[in-house]
Amino acid sequence: MIKVKGLKKQYAGTTALHIPEMEIVAGESFGLIGNNGAGKTTFFRLILDLLAATEGEVISKNVQVSQSEEWKKYTGSYLDEGFLIEYLSPAEYFNFIGSLHGMNLEDLTGFYHQLDGFASEELYQNRKPIRALSKGNKSKVGIIAALMGNPEIVVLDEPFAHLDPSSQISLKRLLKRVNTEKNVTLLVSSHDLTHVTEVCNRIVLLESGLIIRDFATTHDTMRELEAYFTH
Amino acid sequence: MIPFIQLFPRLVNHQWKEMIRSSSWQKSILINIMLGIFLVYLLINLILLGLFLGKIMDSVFPDADPVTAFSGILLYYFIADFIFRFLMQPSPALSVMPYLHLPVRKNSIFHFLLVKSGFSLFNFFPLIVLIPFTLREVIPGYSPTTGITWLIAVILLIFANNYLAFFFRKLFSVKPSVFIIIAAVTALLFWFDFSQSRIISLGFGNWLMAIAINPVWVVVPAILFILSYSLSWFFLYRQRYLEMEEKQSRQYKSSAGSRYISEIFGVSGALMSLEIKMILRNNRPKTYLVLSMMFMFYGFLIYTKHPVESGYGMMLFIGLLLTGIMMIQYGQLVLSWESSYFDRLCTANFTTRDFFIAKFRLFFFFNTVTFLITMPYALYDYRILLLNFAAWLFNCGINIFVILFLGSFNTKRVDMSKGSFFNYEGVTAVHFILSIPALGFPVLIYWLVSIIVNPDAGIVAVGLIGLAGLIFHRQLIDIVARQFLARKQIILHGFRNG
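Residues numbered from 1 in each chain as written. Chains lettered and ligands numbered in written order. Predicted model: local features only at pLDDT ≥ 70, side-chain atom pairs only at ≥ 80, totals over all residues. Heavy atoms only, no water.

Student: Explain the overall build of chain A residue by residue, including any values.
Tutor: The helix and strand inventory of chain A stands at eight helices and ten strands. In terms of overall size, chain A behaves like a compact globule, its C-alpha atoms giving a radius of gyration of 17 Å where 231 residues would be expected to give roughly 17 Å. In terms of its C-alpha atoms, chain A occupies a principal-axis envelope of roughly 45 × 40 × 35 Å. Relative to its full complement of 231 residues, chain A shows a buried share of 56%. At a minimum sequence separation of 6, the contacts of chain A that also span at least 24 residues come to 66%. With an accessible surface of roughly 9600 Å², chain A has 48% of that area assigned to carbon and sulfur atoms. Computing the positive centroid from 23 side-chain charges and the negative centroid from 29, chain A places the two 2 Å apart. (Helix = DSSP H or I, 4+ residues; strand = E, 2+ residues; numbered from the N terminus. Rg over C-alpha atoms; globule rule 2.2 N^0.38 Å. Buried < 20%, exposed > 50% of the residue type's maximum accessible area, 1.4 Å probe, protein only. Contact = heavy atoms within 4.5 Å. Areas by Shrake-Rupley, 256 points an atom, 1.4 Å probe, with all protein chains shown as cover. Lys, Arg positive; Asp, Glu negative; His and termini not counted. Charge placed at Lys NZ, Arg CZ, Asp CG, Glu CD.)

Student: Run through the packing of aromatic side chains, naming residues and quoting values.
Tutor: Tallying each qualifying case throughout the model produces 49 aromatic pairs over all chains. On the numbers, 6.1 Å between centres and 50° between planes, the contact of Phe-371 of chain B with Phe-389 of chain B is tilted. With Phe-371 of chain B in helix H18 (residues 352-373) and Phe-389 of chain B in helix H19 (residues 382-407), this pair connects stretches of sequence that are 18 residues apart. Ring centres of Tyr-377 of chain B and Tyr-380 of chain B lie 6.4 Å apart, and the angle between their planes is 25°; this geometry places the pair in the stacked category. Taking relative accessible area as the criterion, Tyr-380 of chain B reaches 38% and is therefore assigned partly exposed. Grouping aromatic residues by their ring pairs yields a cluster made of Phe-342, Phe-350, Phe-355, Phe-356, Phe-484 and Phe-495 of chain B. Above the ring of Tyr-74 of chain A, the side-chain terminus of Lys-61 of chain A is found at 4.1 Å from the ring centroid. (Phe/Tyr/Trp six-rings, centres within 6.5 Å; stacked < 30°, edge-to-face > 60°. Lys NZ or Arg CZ within 6 Å of the ring centre and 35° of its normal.)

Student: Outline unusual backbone geometry, supporting the account with residue identities and numerical values.
Tutor: Positioned with a positive phi, Lys-61 of chain A is a non-glycine residue whose angle comes to about 50°. Tracing the backbone through its elements, the reader meets Lys-61 of chain A in the loop between strand E4 (55-60) and strand E5 (63-64). The residue Leu-335 of chain B is not glycine, and still its phi comes out positive at about 80°. Mapping Leu-335 of chain B onto the fold places it in the loop between helix H16 (312-331) and helix H17 (342-347).

Student: How would you explain the packing of H19 of chain B against helix H22 (residues 473-496) of chain B if you had to name every residue and give the values?
Tutor: Residues and elements named next belong to chain B. Their axes nearest at 9 Å, the elements H19 and H22 cross at an angle of 10°. Comparing their axes, H22 and H19 come out roughly parallel. Touching Gly-397, Phe-401, Leu-404 and Phe-405 of H19 are His-473, Leu-476, Ile-477, Ile-479, Val-480 and Gln-483, all from H22. (Axes fitted to C-alpha atoms, helices over the stretch in contact; angles between N-to-C directions. Parallel < 35°, antiparallel > 145°, perpendicular 65-115°, else oblique.)

Student: Hey, could you go over the nonpolar core for me, with residue numbers and the actual values?
Tutor: Counting 125 residues, the largest nonpolar core has Phe-43, Tyr-93, Ile-144 and Leu-187 of chain A together with Phe-342 and Phe-363 of chain B as its most contacted members. Counting residues per element, this core draws most heavily on H18 of chain B, at nine residues. Setting aside chain neighbours within four positions, we find Leu-187 of chain A in contact with Ile-2, Ile-24, Phe-30, Phe-44, Ile-47, Ile-153, Val-154, Val-155 and Leu-156 of chain A. Within the second largest apolar cluster, 28 residues are counted, among which are Leu-53, Leu-75, Val-154 and Met-209 of chain B. (Core = buried A, V, L, I, M, F, W, Y, C linked by side-chain atoms within 4.5 Å.)

Student: Break down the pattern of salt bridges for me, citing the residues and quoting the values.
Tutor: Residues and elements named next belong to chain A. Scanning all chains against the criterion turns up 20 salt bridges over all chains. For Arg-202, the salt bridge is made with Glu-28, and the minimal N-O distance between the two is 3.0 Å. Here Glu-28 lies in the loop between strand E2 (14-24) and strand E3 (29-33) and Arg-202 lies in strand E9 (residues 202-207), a separation of 174 residues in the sequence. With a relative accessible area of 11%, Arg-202 lands in the buried category. (Salt bridge = Lys/Arg side-chain N within 4 Å of Asp/Glu carboxyl O.)

Student: Can you lay out the pairing of strand E10 (residues 210-216) of chain A for me, pointing to particular residues and giving the numbers?
Tutor: Regular strands place side chains that alternate from one sheet face to the opposite one. All names here are of chain A. Bridging between E9 and E10 involves six bridges; their strand directions are antiparallel. In the sheet register, Leu-205 faces E10, and the bridge partner there is Arg-213. The loop that links E9 with its antiparallel partner E10 comprises two residues; one of these, Ser-208, has a positive phi angle of about 40°. (Pairing = 2+ DSSP bridges.)

Student: Give me the sheet that holds E4 of chain A: which residues, what numbers.
Tutor: Residue and element names in this part refer to chain A. Pairing is antiparallel in the open sheet, where four strands are placed in the order E2-E1-E4-E5. Of all the strands in the sheet, just E2 and E5 have a single pairing partner and so form its edges. Here strand E1 (residues 2-11) pairs with E2 via nine bridges, running antiparallel. Directly across from Lys-3, in E2, lies its bridge partner Glu-23. Each of E1, E2 and E4 is contacted by helix H1 (residues 40-47), which is oriented at about 120° to E1, the strand it contacts most.

Dropping the structure here:
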């Protein structure tokens, strides 16, 4: 699904990210962890062509993301508040993203029902501008928009941050379901080790822009990660 | 609680840093130099005006005392100054939020905001005229005491005006209908004064002279100053929670209109209705459009003074400006307007081409609206309609693409919710230098053709070039889209880093 070749991003001489070779296969749920400044967001931005690589390339479905806009059709994403249009109400924002995928009002309602409990009716009907919402609700709006239009790849940067406990639980359930039932490739980063290990079947650990570990999730993963972050 | 006296220099320091570290200050040296030259030029003019004002008054009002005559005219100055401040003076931009939770008296912050608004060029420019005038006319004509009292009274009135405008600006943000009342009162005042042989302005002049001659009466302007300061303070005090609450309670209905547009035009319709919402819901783009609407009345000044006979070339230039003003104004910051959610626009499910098709359609709509609004100018002379039609074609067929192409050089983030007329945030030297050929080029074509063939053919040529642009708009959109993609990463980087 996504291939990375000799990818390097440098800022003023310092290397922010260096991934010589990596492949994420279709249907994989890929968890990215690492401390602040490890290069998680940089990696996601490179995948979404929001950043120019210093060297190397990101290939999505055999096409370089920087050379074609094909990937936009099947990639849903939410990285930060820069993805939200703050003067729109949530309803208007969903309408807008929906209309880009050719969804009408009925399709939208159908889509809301599939989210089973991640967000309440209240949020879909909310008429406040997004800039007036709480941080938790803002990131819910972004995550929901990323799941619209049956994407094949979903990229989420720290989706669990700011969410209340019950939303965290239902998001985990939702992501697992989307991944197993619809075979959506998930790319998720998080500071919360429990959440990523629960959702993802592959964990990649970044440190100062380099991949330190790359392994499939087992019942031992949690302990291993904790040991790594404790020293 | 730290006392106001100690707090004040710190706040001044923060404000200074905010200005110096703002991206528009740092990165646009060329603009700063251009503004600097303009400022010096203005200063010299004002000093000369102050020195020769007595002579000017003598020649305009030969039988009146120049100081009294000038005092009368000051009333008009105060009214014009008030309107100008109301429209142009930026609201104090100190973001109060980071201070409110600190152990600092709210009242100190309000006073700081008010004092800061006193340090405005609007308050210091007049002094450059008034001081030479006082030295040359008032003191020799009357006495040093009268001269100084006169100057103090006028300065107090200038500052009273400052806070009155401050108050009405703030009131305007809550109750926009205030603007209509102000406009009506001013118009009525001017009309009454002119029709009744300047009874009000002459009365004002005599009143000011009476104060100057009896220094005790300077308390009257002083009281006016204190009143208007208190009024502004009171408004800030009452409004201290209001801004937050207002933000919380504002609600938007998802309108049927916007769904309708996106059903007809598909993806580009959705993008167009998004952009229209952006303009209507954010202060700065809205201000730009209001300003350009006002500019359309400029035609009254031009067409009454210059008949079309005075030259098609000049009239064509005016036509291009009038029928394209909305696009030209708004288009200056195209892309930058959307900087706060540009990451979304670059990852959402539409192509760059779709994006620019939407922009083309929106600008076409803008130009058509301005063309229709300026249509009644044809009552002056039917040829204005033909000229403006050619100008409209050229604006739609060529200038839309010029502006969109130049838009790829807009790499500065813009805070679209901050509204003010003198806000240069995001404006780069590119806009000054390259907007001239966009208007000059068609005039040049006209001149060339009119010399070779005749003036009518010149206008037709300009219109035909515009029409050709419209016919080949797909190819032109492709060029714009390619230019954008070549600069996409630079733009994204610029928007992300201020």
